[in-house]
Amino acid sequence: MLTLPPDMIALLMPFAPLFSQPVFLRGQVLLVGAILAPGKRTVTAALRAMGLAQEPHFQNYHRVLNRARWSSRKVAGVLLRLLVRTLVPHGPILCGLDETLERRRGAKIAAKGVYRDAARSSKSCMTQASGLRWMALMLLVPIAWAGRVWALPFFTVLAPSERYHQQRGRRHKTLADWARQMLLQLRRWLPDRPLVIVADSTYAVLELLDRCVTMAPAITMITRLRLDAALYEPAPPRRPGAKGRPRKKGKRLPTLEQVRDHPKSRWRKITVPRWYSQGARPVEIVSRTCVWYHSGKPVVPIRWVLIRDPLGKFATQALLSTDLQAKPEQIVAWFVQRWQLETTFQAVRAHLGVETQRQWNEPAIERTTPALMGLFSLVTLLAHGQNEREELSVRQAAWYAKERPTFADAIAAVRRELWEYALFCTLSPKTDVRKLQQALLQRFGDALCYAA
């Protein structure tokens, strides 16, 4: 029978009502196996890591993903509440929204498509790849023991291609449509907390921004803004007795390109505490409020922030915020944390085996990648609890020195706790320690060698 450390049991108990008892017990085996497995995160690799390579009913573990009845969305809601309660008990909640490509091939993978591979593309060369497109919502929160902001995934959904929907006679949902539904669900999960979402220019869509503004309470959306966007003054007050439709906008304002090039623009110098990975960095900004309008689209009041580099190392860029009262400095500080999403995407590939799973069954595909993404957050919570009892150790090498723990150190600490707990739970006065060591090496051998 699987024995888990008390901290892990306490962390997993809120998820128990979402599963039947057999599925929950087998799910724990797969969860621990995914943490301990050194390479691919297939079901069979997880069973090998748990010493169950000779399990005669191995198909029952496959059924946890491809047949059992449970909801990934409900699991995401429980995970979010755990993260918020532990790491962000007060104040506004900052989340990042982005998509990533899981490179997969296979005739039986129905939802795959050909997409731009952002990780391998550049400004001069676009690379396309076959795979699955995932959209992820991540909690952006400072981790004190890591000394930086981490992006913790809690809600990941599959966004298939237009051809996939056409073949099934369904209406195609764009990335903005998926984002709207995900943010509505996020608001239902956290109805009373201020929410701030940072995203790239893909989500600078008037319909999506308008929906964020009209939610109750509203969600603050921060994205990039085109420098040639059509900006206007707010519509003037309607005169009593005036006929016809109310005006939607006022006088046309200069574009941000014109503001950038105008010699009388009043630039203000600020210092951003965390400018991506460079630490504190000075930039110059100018900001105003206006409405963004396009024919046939909703009118959205925004605050724009134009950012210029006094060192001349990057081109002038613009941000928008749907919260008109937000300070420009805060908008910039929030947005630059979005880069941590890319760090998380890299970490789940390197340490949790995303893109190594081999399911082709549609329910299994829709569950496995979100589960591995959520595992990043679970490992972080477990490491956070360990650090409160004892400071996490940092792996060092003669050619690589680091001051603060990274996710590699966090998952190593969780693995050590699992192995130590398995060892001491197996000990008894009559235990042959040498035989026990050999048995543990046979059971966890691959993972032990990987951690060493």
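Our subject is the structure listed above.
My aim in this report is to walk through the structure given alongside it, one point at a time. It should be emphasised that the depicted structure is a prediction, and the values quoted were computed from it without experimental measurement. Each chain carries its own residue numbering, running from 1 in the written order of its sequence. Two thresholds apply to this predicted model, a pLDDT of at least 70 for residue-level local features and 80 or more for giving and counting side-chain atom pairs, whereas whole-chain, interface and lining totals are computed over all residues. No hydrogens and no water enter the side-chain calculation; it runs on all heavy atoms of the structure.

## Some remarks on the packing of helix α5 (residues 72-87) against helix α12 (residues 362-389)
Phase 1 of the analysis: To get an axis, fit a line to the C-alpha atoms, keeping to the stretch in contact for a helix; angles then go from 0 to 180 degrees between the N-to-C directions. Helix numbering and strand numbering both begin at the N terminus, where a helix is a DSSP run of H or I of at least 4 residues and a strand a DSSP run of E of at least 2. α12 packs onto α5 with a crossing angle of 20° between their chain directions and a minimal axis gap of 11 Å. By the criterion of interaxial angle, the relationship of α5 to α12 is roughly parallel. Crossing hand, α5 versus α12: left-handed. Contacts between α5 and α12 involve Ser72, Leu79, Leu82, Leu83, Thr86 and Leu87 on the former and, on the latter, Glu366, Arg367, Gly374, Ser377, Leu378, Leu381 and His384.
Phase 2 of the analysis: Residues are grouped as follows: Ala, Val, Leu, Ile, Met, Phe, Trp, Tyr, Cys and Pro are nonpolar; Asp, Glu, Lys and Arg are charged; all remaining types, including Gly, are polar. A per-class count over the contact of α5 with α12 returns 6 nonpolar, 5 polar and 2 charged. Just so you know how the angles are binned, under 35 degrees is roughly parallel, over 145 roughly antiparallel, 65 to 115 roughly perpendicular, and the rest oblique. Whether a crossing is left-handed or right-handed is set by the direction in which the near helix is turned from the far one by less than a right angle, anticlockwise for left-handed and clockwise for right-handed. Contact between two residues is taken to exist if any of their heavy atoms lie within 4.5 Å; hydrogens are not considered.

## Description of the packing of aromatic side chains
Phase 1 of the analysis: Paired rings are identified among Phe, Tyr and Trp, the last through its six-membered ring, by centres lying within 6.5 Å, and are further divided according to the angle between planes into stacked (under 30 degrees), edge-to-face (over 60) and tilted (the rest). Applying the stated criterion to the full structure yields 11 aromatic pairs.
Phase 2 of the analysis: A centroid spacing of 6.0 Å and a plane angle of 80° characterise the contact between Tyr232 and Tyr293, whose relative ring orientation is edge-to-face. Remark: Tyr293 occurs in the loop between β9 (281-292) and β10 (300-308) and Tyr232 occurs in strand β7 (residues 231-232); sequence separation between them is 61 residues.
Phase 3 of the analysis: In this structure an aromatic cluster arises from ring pairing among Trp145, Trp150, Phe376 and Phe407.
Phase 4 of the analysis: Only when the NZ of Lys or the CZ of Arg is both within 6 Å of the ring centre and within 35 degrees of the ring normal is a charge said to sit over the ring. Positioned above the aromatic ring of Trp178, the side-chain terminus of Lys173 is 3.6 Å from the ring centre.
Phase 5 of the analysis: Between Arg367 and the ring centre of Trp70, over which it is positioned, the NZ or CZ distance is 4.4 Å.

## Overview of unusual backbone geometry
Phase 1 of the analysis: For the bond from Ala216 to Pro217, the omega torsion is -10°, close enough to zero to count as cis.
Phase 2 of the analysis: Relative to the helices and strands, Pro217 is located in the loop between α8 (206-214) and β6 (220-224).
Phase 3 of the analysis: The backbone of Glu355 shows a phi angle near 85°, a positive value even though the residue is not glycine.
Phase 4 of the analysis: Mapping Glu355 onto the fold places it in the loop between α11 (340-351) and α12.

## Examining the pattern of salt bridges
Phase 1 of the analysis: Put simply, a salt bridge is a Lys or Arg side-chain nitrogen that is within 4 Å of an Asp or Glu carboxyl oxygen. One pass over the full model with this rule turns up 16 salt bridges.
Phase 2 of the analysis: A salt bridge links Asp98 to Arg338, with the nearest nitrogen and oxygen atoms 3.6 Å apart. Taken together, the positions of Asp98 in strand β1 (residues 93-103) and Arg338 in the loop between α10 (328-336) and α11 put the pair 240 residues apart, joining distant regions of the chain. The burial state of Asp98 is the same as that of Arg338; both residues are buried.
Phase 3 of the analysis: The salt bridge involving Arg308 is made with Glu284; its shortest N-O contact spans 2.7 Å. Residue Arg308 is found in strand β10, and its partner Glu284 is found in strand β9; the two are separated by 24 residues along the sequence.
Phase 4 of the analysis: Through salt bridges with shared partners, one network takes in Arg103, Asp117, Arg349 and Glu355. Remark: exposure states derive from per-residue accessible area (1.4 Å probe, protein chains only) relative to the maximum for the residue type, with buried under 20%, exposed over 50%, and partly exposed in between.

Fair warning: the whole summary comes from geometry, so function is off the table for now.
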